[in-house]
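Topology and contacts: notes
Listed here are the chains, written in short residue letters.
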Amino acid sequence: MKISLFGVVVVFARTSGAFLLGGRAQAAFSRTRLMMQVQDGGEVEDMRFKLEGMFEVSDDVNLDSAMPIKKPSSTRRKRESIEKNLISQIGGANTEDVIARLWKHWYSERGPKAHKEILDTSLYLAENFDNPRQLDVAVEKLDAIIAEYSDWAEPINQRATILYLQGKYEESIASCEKVLKLKPWHFGACSGIIMCYTQLQDEQQVTFWRKQVLPPEGKFLTDKGKIREPRKLWVDRMIREFELQERWRLS
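Residues numbered from 1 in each chain as written. Predicted model: local features only at pLDDT ≥ 70, side-chain atom pairs only at ≥ 80, totals over all residues. Heavy atoms only, no water.

Going by the annotation in an unreviewed UniProt entry, the name recorded for the chain is ER membrane protein complex subunit 2, with Octactis speculum given as the source organism.

Structure below.
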C-alpha cells in the first residue's frame, strides 16, 4: 500500500514545526530533513525505515522500558545524564544537531519496545491525519501507551498534537502542561500551548507563554544598556530545573 507523500509531509511539518521542534528555524530544519527522507515515496515498510532513521534508538546507552521508580535505576540515571548534557548544549555551535538528537532521545528513551509502539503510532498518524475518525483511533493508541508508560513525555506530547489538529485546544493545552510537568524544558510543548492560545484568541496567555518558550539565539541589549543572552539564561534555568528533579528522585 502506498503512503501519501503529501500527507506525510504535512502532518510532520505541523508536528515538527510546532509541538516537536518549537521554533521557526527548527521547523525548517525538520521539514527539510523529512522531505529529503521521503521524497522518493515508497511502501509502508520503506516509510517505517525512514521514520526509524529519524527517531532511532540511541546507541549511547542500553535503555530499559521499566516503569519509573522514585530511586532511579542506573540505566535511567544514564539516560537522564545524556538528556541533561544535550540541554546544556542548546545554543552552542551545533544547536540544530543537538535539538535533533534531543528529539531522538525523547522518542527512544523508554527502550526498543516503547520506541516501536510510538513509531507505529506516528506512522499510523502520517497515513490517516486527514481522517477525523482515524485521529480518534490515534488518540486511543497513544492513551494505551501513556497508560503503560505514565511518565513518558513524548506520547503525551503527540496526543497534544492530535488534539490541536482536532480543534480541541483546551484539551491540547492540558496535555502540553502534563508534558511540561515531566520536562519543564520541553520547548515543543511550550510552543504547542502558544499555538492553542492563539487559536483561542487569548492574548494574555499567549504573551505569558512566549516568555517561557525557547528564546532566539544571540545577544541583545536591554533598555538599561546591558547585554543579555536569553537562550543561555533559559538553558541555565532548565539545568537548574533538571537538577531539582534529580535531587527529588534521589531523596
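Following the structure, the description resumes.
1. As for the pattern of salt bridges
Cut-off, in case you're wondering: When a carboxyl oxygen of Asp or Glu lies within 4 Å of a side-chain nitrogen of Lys or Arg, that pair is called a salt bridge. A helix here means a DSSP run of H or I that spans at least four residues, while a strand means a run of E at least two residues long, and both kinds are numbered starting from the N terminus. Three labels apply to residues, based on accessible area from a 1.4 Å probe with only protein chains included: buried if under 20% of the type maximum, exposed if over 50%, partly exposed otherwise in between.
On inspection of all chains with the given rule, the structure shows 14 salt bridges. With a shortest N-O distance of 3.6 Å, Glu246 and Lys84 are connected by a salt bridge. With a gap of 162 residues between them, Glu246 in helix H12 (residues 230-250) and Lys84 in helix H4 (residues 74-89) connect regions that are remote in the sequence. On the basis of relative accessibility, which here comes to 22%, the residue Lys84 falls in the partly exposed class. What you see here is one network of salt bridges that share partners, running through Arg76, Glu80, Arg110 and Asp151.

2. Quick look at the packing of aromatic side chains
Filter applied, for reference: Stacked, tilted and edge-to-face pairs are distinguished by plane angle, under 30 degrees for stacked and over 60 for edge-to-face with tilted covering the rest, among Phe, Tyr and Trp rings (Trp via its six-membered ring) whose centres lie within 6.5 Å.
Considering all chains together, one arrives at 8 aromatic pairs under this definition. By way of ring pairs, the aromatic residues Trp103, Trp106, Phe187 and Trp234 are connected into one cluster.

3. Digging into unusual backbone geometry
The backbone of Gln201 shows a phi angle near 60°, a positive value even though the residue is not glycine. Examined against the element boundaries, Gln201 turns out to sit in the loop between helix H10 (187-199) and helix H11 (203-210).

4. Details of helix H8 (residues 153-165)
Threshold: Here, expected helix span is obtained from the residue count minus one, scaled by 1.5 Å.
For H8, which comprises 13 residues, the first-to-last C-alpha distance of 19 Å matches the rise-based estimate of 18 Å (1.5 Å per residue) to within 8%. Along H8, 12 of the 13 residues are buried, which leaves the element largely enclosed by surrounding structure. Looking at H8, one finds that the buried residues are Ala153, Glu154, Pro155, Ile156, Asn157, Gln158, Arg159, Ala160, Thr161, Ile162, Leu163 and Tyr164. Backbone geometry just downstream of H8 places Gly167 in the positive-phi region, at approximately 80°.

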